[in-house]
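Spelled out, the chains give:
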Amino acid sequence: MTDVVEFDDALDRYDPVMGLEVHVELNTVSKMFCGCSTEFGAEPNTQTCPVCLGLPGSMPVANAKAIESAIRIGLALNCSIAEWCRFARKNYFYPDMPKNYQISQYDEPIAFDGWIDLDVDGETIRVEIERAHMEEDTGKSTHRGGATGRIHGADYSLLDYNRCGVPLIEIVTKPIEGMGERAPAVAKAYVEAIRELMKALDVSDARMERGNVRCDANVSLRPDPGAEFGTRTETKNVNSLRSVEGAVRHEIMRQAAVLDAGGTILQETRHWHEDTQSTTSGRPKETAEDYRYFPEPDLVPVAPSRDWVEELRASLPEPPAQRRARLADVWGFSEREFGDVVAAGALDLIDETVAAGCTPQSARKWWLSELARRANEAGVSLTELAVTPAQVAEVQALVDAGTINDKLARQVFDGVLAGEGHPAEVVEKRGLVVVSDDGALSAAVDAAIAANPDVADKIRAGKVQAAGALIGAVMKEMRGQADAGRVRELILAKLA
Amino acid sequence: MSRDILRANAHELARQIAAGERSSEEITRAHLDQIAAVDGAVHSFLHIESDRALEAARRVDAKRAAGETLGPLAGVPLALKDVFTMTGAPTTAGSKMLEGWVSPYNATVTQRLLDADIVILGKTNLDEFAMGSSTENSAYGPTRNPWDLDRTPGGSGGGSAAALAAFEAPLAIGSDTGGSIRQPGSFTGTVGIKPTYGGTSRYGQIALASSLDQPGPCTRSVLDAALLHQVIGGHDPLDATSIDAPVPDIVGAARSGDIRGMRVGVVKELGGEGYAPGVEQRFRETVALLESLGAEIVEVSCPHFDYAMAAYYLILPAEASSNLARFDAMRYGLRVGDDGARSTEEVMAMTRGAGFGEEVKRRIIIGTYALSAGYYDAYYGSAQKIRTLIARDFRAAFEQADVLVSPSTPTTAFRIGERIDDPLAMYMNDLCTTPSNLAGNASASFPVGLSPDDNMPVGFHVMAPAMADDRLYRVGAALERSLETTWGGSLLERIPTLEGSFA
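Source: prediction; values computed, not measured.

S.K.: Give a description of the interface of chain A and chain B that names residues and reports values.
M.R.: On the side of chain B, 35 residues touch chain A, which itself brings 29 residues to the contact. Between chain A and chain B the total buried area reaches about 2500 Å² when both faces are included, carbon and sulfur atoms providing 59% of it. The tally of links from chain A across to chain B stands at 1 salt bridge. With a closest N to O distance of 2.9 Å, A:Asp298 and B:Arg202 form a salt bridge. In this structure, the connection of chain A to chain B is made through 15 residue pairs in polar contact (both at pLDDT 80 or more). Counted by class, the side of chain A that touches chain B contains 19 nonpolar, 5 polar and 5 charged residues.

Next comes the structure, spelled out in structure tokens:
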């Protein structure tokens, strides 16, 4: 592991500057330049055609939906949208890029000069956006036989071109200066905000663990805020929020150590290692790579009409930060409660549940406890769980009506998740109705008292809180269908 | 009998098939026999699809027997330049790099030919990746000019043009990047059309220079060219540069041939020094003929045409260097040096070293250089500016004239080997044809007789604005009608008989 200096010490002596490049994989149904499916997880090389395989004679045709998404992203990032722009060829050799050039945009990006506001520890920080441009993703290589899983030392490599040609938007910031010790936190907040924005725009699944959102973090150090930028390193493909923060933090500490020792920073790409929370050297970039860009002659220029751009602007959703602030206010959650909701990815679900007639607190309770637990057990996200916000609202309505109680509600969710129908149907089918009729409850209460004489004695002696154990016993007997309040009343009446 | 079949025009053969006078199978067989007889000497074809051709012919005959209405060229055989993909048949682009490669998909041109019931006989020879002006750069050996087997048929579409002149096929498809349809047409006494850029689909045409390439018809008569152009032309959603508008009425224009009142502009810069006297003579006679047919002759100046060759030979290699980057031995085609001990890079380098010919390597190196960061502005950038100026020259000239004319090539067909070691002399053949590719407009070469210098065919070059392809056909038809009356038949009637030929 490279020598590092303490983070605080590094910040005492150096001023970090960051540049963040975030690649966002769009969720279009088809690829950027052909009609192939972009569905995740298919058998390798089953979603390919002559175009995305770069076969001789094949030609790209730009995906209109991807261009629309690019414009919406640009607008949401407060960018100007180009009136006329082109695709360019970026020529370089890479095993998983079958044409040996990538269709990208060079000096004519579709969106440029924007900004996004971040909330970092309660303070608003504006990050300026240089550009957002369109390009195609590459395929995926798997290197076998080597110890590291990298191409070096591998016996052979496997190539999967399913991802080849999936539309990407690359969002590039202007240099982010003056963040000081907050630099790692700002990097994390930035990627988080981009991710949230992509979800709000519904242009990407924005799942970092699947590589839908990947960040290249450029970091350099300089002695003072006024000084020229130092040499930067680019840590590639960092794909979790925690890693983005860690990578920036580690590069600051590592570069400081090099500079302290009188060394120079090499301009290079670096790889992030989650396990050691450190970066290692990748490809040296001492001589700038010559991509021999030129306008892609197989595609026509993109010239979005101003009317269309304005139409897209008008249809943008409320910005996530603004929406969060509004919802927090309306729902009246504490800051911590609200933070948990966001962290669990339940904001939209709760919003929809409330819209379906549930109170915010009840909606929050169901999604963050009962349903979060089930999602966790099933290894899926909340949104992937087979229960809709409307169904959650319906369950709560049944509870409010006294038809079921919270305990029975769990069984109702069991039924819904098992595909037995909507909540009322499950209640019907499973016969899950609360029993509050004294006649039916009385015998169970008597039996519970008889079975737990010592508890009964305690209650008789005035320890009313001990009633819980007897209520539990009755509930068990009644398979959860007893009206707990009525049971309590009966118990206390019988032992008075 | 066979001679009649082989000498007939495609539209005449189609009429006979539709009328039940002859079967497509008989016609197809006659051409396959002619290929067997003469192709050893001419070498038009790289690959012959006898079985599939006969099967396709029989399908057409069955359709006719069933009373189905046939398309205007249904059942007529065709030679396809081996730069268009066709499933089940090899596509080599004249390169060792693609030897044995069978495409899993059809080019749009191929698909449209098949859909029109045209019988594809096989794939024709070309300069490797369509780079060349003589078909001597084919990795599979040169094609010879049927007029004189010691001469080249031109390039890169020498195979397609020679197939027409050797009566091996009445129809052929070529691709024109800087003159690869028109120059071989000129050298072989046949008709070659470069449609408006975007007028025919490039999808499935192995790319040389994407902004210049254009598929087009090669035929022995103007009406045949129009009918074939109609089949392959029109919008293709698989080609983003394809024009989404109907093909102009080219067939009507080819049938009419009326050029009365048409303003014909003689381009001052395309003539004079460096043009063979016999070529100049036939050109002047043809201009006079057009005038006698009612056209108005004007002289126009296109000053930037002088720089067209320079711009062309920067843009073409730049795009080609990028287009050919995919030939890396990894997924298809040739692979050299893969012995388990060499790295990917070594295998790639060895394959390219062995697989690409000299001319291809030359252009890849020039193109890579022209695009490199330090030289982009000086070379590629400047070339693009010249391109804009040439397009402006055309616009100005088309305000004065409906069509522009010049000789198709400065000389008639040269001898095999004569220029192979002098790339610049070879490049000069494309002097008259490259401006059209740079501007993206339509142009054609029509046969206008033999040069008194050497008795080799001379081509007449006609250029029209983009999407005005019909004007080419109008001029071509007028010339053809008038000249054939004078000559007493097609120019090809005067071609020397080939050894073993039925023709």
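Back to the write-up after that little detour.
S.K.: With reference to specific residues and values, describe helix 2 (residues 10-19) of chain B.
M.R.: Residues and elements named next belong to chain B. For helix 2, the set of buried residues is Ala10, Leu13, Ala14, Gln16 and Ile17. An end-on view of helix 2 places all buried positions within 160° of arc, on one side of the element. Looking at the buried residues of helix 2, the elements they touch are helix 1 (2-7), helix 3 (24-42), helix 4 (50-65), strand 4 (171-175) and helix 8 (222-232). Once helix 2 finishes, Gly20 follows within two positions and takes phi at roughly 80°, a positive value.

S.K.: I'd like to hear about the UniProt feature "domain: Asn/Gln amidotransferase" (unreviewed entry) in chain A, residue by residue, with values.
M.R.: Under the UniProt annotation, "domain: Asn/Gln amidotransferase" (unreviewed entry) lies at residues 348-495 of chain A. Helix makes up 70% of residues 348-495 of chain A and strand makes up 0%, while its end C-alpha atoms are separated by 48 Å.

S.K.: Could you give an account of the nonpolar core, naming the residues involved and the relevant values?
M.R.: Grouped together as the largest cluster of nonpolar side chains are 146 residues, with contacts concentrated most on B:Leu113, B:Phe129 and B:Leu404. A total of 10 residues in this core trace back to one element, the largest contributor, which is helix 11 (residues 308-323) of chain B. Dropping the residues within four chain positions of it, B:Leu113 is found in contact with B:Leu78, B:Leu80, B:Ile118, B:Ile120, B:Ile173, B:Leu228, B:Val231 and B:Ile232. A:Ile71, A:Leu221, A:Leu241 and A:Leu299 belong to the second-largest nonpolar core, a separate cluster that totals 75 residues.

S.K.: Could you give an account of the UniProt feature "active site" (unreviewed entry) in chain B, with specific residues and numbers?
M.R.: Residue and element names in this part refer to chain B. According to UniProt, the feature "active site" (unreviewed entry) maps to Lys81, Ser156 and Ser180 in the numbering used here. Considering the C-alpha atoms alone, the annotated residues occupy 100 residues of sequence yet fold into one spot, their largest mutual distance being 10.8 Å. Structurally, Lys81 is set in strand 2 (residues 77-81). Assignment of secondary structure puts Ser180 in the loop between strand 4 and helix 7 (182-188). The contacts of Ser180, once residues within four sequence positions are left out, are Lys81, Ala130, Gly132, Gly155, Ser156, Gly157 and Ser175.

S.K.: Describe the packing of helix 13 (residues 438-451) of chain A against helix 14 (residues 453-460) of chain A, with residues and values.
M.R.: How two helices sit against one another is set out by the angle between their axes and by the gap between those axes. All names here are of chain A. Direction vectors running N to C along helix 13 and helix 14 enclose 100°, while the axes themselves pass 5 Å from each other. Relative to helix 14, the element helix 13 is oriented roughly perpendicular. For the pair helix 13 and helix 14, contact is made by Ile449, Ala450 and Ala451 and by Pro453, Ala456 and Arg460, respectively. Considering only residue class, the contact of helix 13 with helix 14 consists of 5 nonpolar, no polar and 1 charged.

S.K.: Summarise helix 6 (residues 158-165) of chain B; cite the residues concerned and give the values.
M.R.: Where burial is concerned, most of helix 6 of chain B is hidden: 8 out of the 8 residues are buried. Once helix 6 of chain B ends, the next one or two residues include B:Phe167, with phi positive near 60°.

S.K.: Go over the UniProt feature "domain: Amidase" (unreviewed entry) in chain B, please, and point to the residues and values.
M.R.: In the numbering used here, UniProt assigns the "domain: Amidase" (unreviewed entry) feature to residues 26-472 of chain B. In this annotation, residues 26-472 of chain B is assigned 38% helix and 14% strand; the end-to-end C-alpha distance for the span is 33 Å.

S.K.: Kindly report on the pattern of salt bridges, identifying the contributing residues and their values.
M.R.: All names here are of chain A. Tallying each qualifying case throughout the model produces 64 salt bridges over all chains. Where Glu196 meets Arg324, a salt bridge forms, and the shortest distance between an N and an O atom there is 2.6 Å. Pair noted here: Glu196 is in helix 3 (residues 183-201) and Arg324 is in helix 6 (residues 320-331), with a separation of 128 residues, a long-range link. Classification of Glu196 by relative accessible area gives partly exposed; the value is 24%. Note that Glu274 and Arg242 form a salt bridge whose closest N and O atoms lie 2.8 Å from each other.

S.K.: Account for the sheet that holds strand 10 (residues 213-222) of chain A, with residues named and values stated.
M.R.: All names here are of chain A. A sheet is described by the order of its strands in space; here 9 strands give the open sequence 2-5-6-9-1-10-11-12-13, paired in mixed fashion. Each edge of the open sheet is held by one strand with a lone partner, namely strand 2 (80-81) and strand 13 (278-284). The pairing of strand 2 with strand 5 (residues 111-120) spans 2 bridges and is antiparallel. Counted as the bridge partner of Ser80 is Phe112 from strand 5. Relative to strand 5, helix 3 is tilted by about 115°, and along the sheet it contacts strand 1 (15-25), strand 5, strand 6 (123-136), strand 9 (167-173) and strand 10.

S.K.: Break down the confidence of the model for chain B for me, citing the residues and quoting the values.
M.R.: Here chain B averages 96 in pLDDT, while 99% of its residues score no lower than 70. Of the two predicted TM-score estimates for the complex, the pTM is 0.88 and the ipTM is 0.96.

S.K.: Let's hear about the packing of helix 8 of chain B against helix 17 (residues 469-487) of chain B: which residues, and what values?
M.R.: Residue and element names in this part refer to chain B. The interhelical angle for the contact between helix 8 and helix 17, taken along N-to-C directions, is 155°, at an axis separation of 9 Å. Our classification of the angle between helix 8 and helix 17 gives roughly antiparallel. Contacts between helix 8 and helix 17 pair Val222, Ala225, Ala226 and His229 from the former with Asp469, Tyr473, Gly476, Ala477 and Glu480 from the latter. In terms of residue class, the contact of helix 8 with helix 17 is built from 5 nonpolar, 2 polar and 2 charged.

Rules and cut-offs
Residues numbered from 1 in each chain as written. Chains lettered and ligands numbered in written order. Predicted model: local features only at pLDDT ≥ 70, side-chain atom pairs only at ≥ 80, totals over all residues. Heavy atoms only, no water. Contact = heavy atoms within 4.5 Å. Buried area = accessible area lost by both parts, 1.4 Å probe. Salt bridge = Lys/Arg side-chain N within 4 Å of Asp/Glu carboxyl O. Polar contact = N/O pair within 3.5 Å; in protein donor to acceptor, adjacent residues only side chain to side chain. Nonpolar A, V, L, I, M, F, W, Y, C, P; charged D, E, K, R; others polar. Buried < 20%, exposed > 50% of the residue type's maximum accessible area, 1.4 Å probe, protein only. Helix = DSSP H or I, 4+ residues; strand = E, 2+ residues; numbered from the N terminus. Arc of directions from axis to C-beta. UniProt positions renumbered as here; feature names shortened; annotations may be inferred. Core = buried A, V, L, I, M, F, W, Y, C linked by side-chain atoms within 4.5 Å. Axes fitted to C-alpha atoms, helices over the stretch in contact; angles between N-to-C directions. Parallel < 35°, antiparallel > 145°, perpendicular 65-115°, else oblique. Pairing = 2+ DSSP bridges. pLDDT = per-residue confidence, 0-100.

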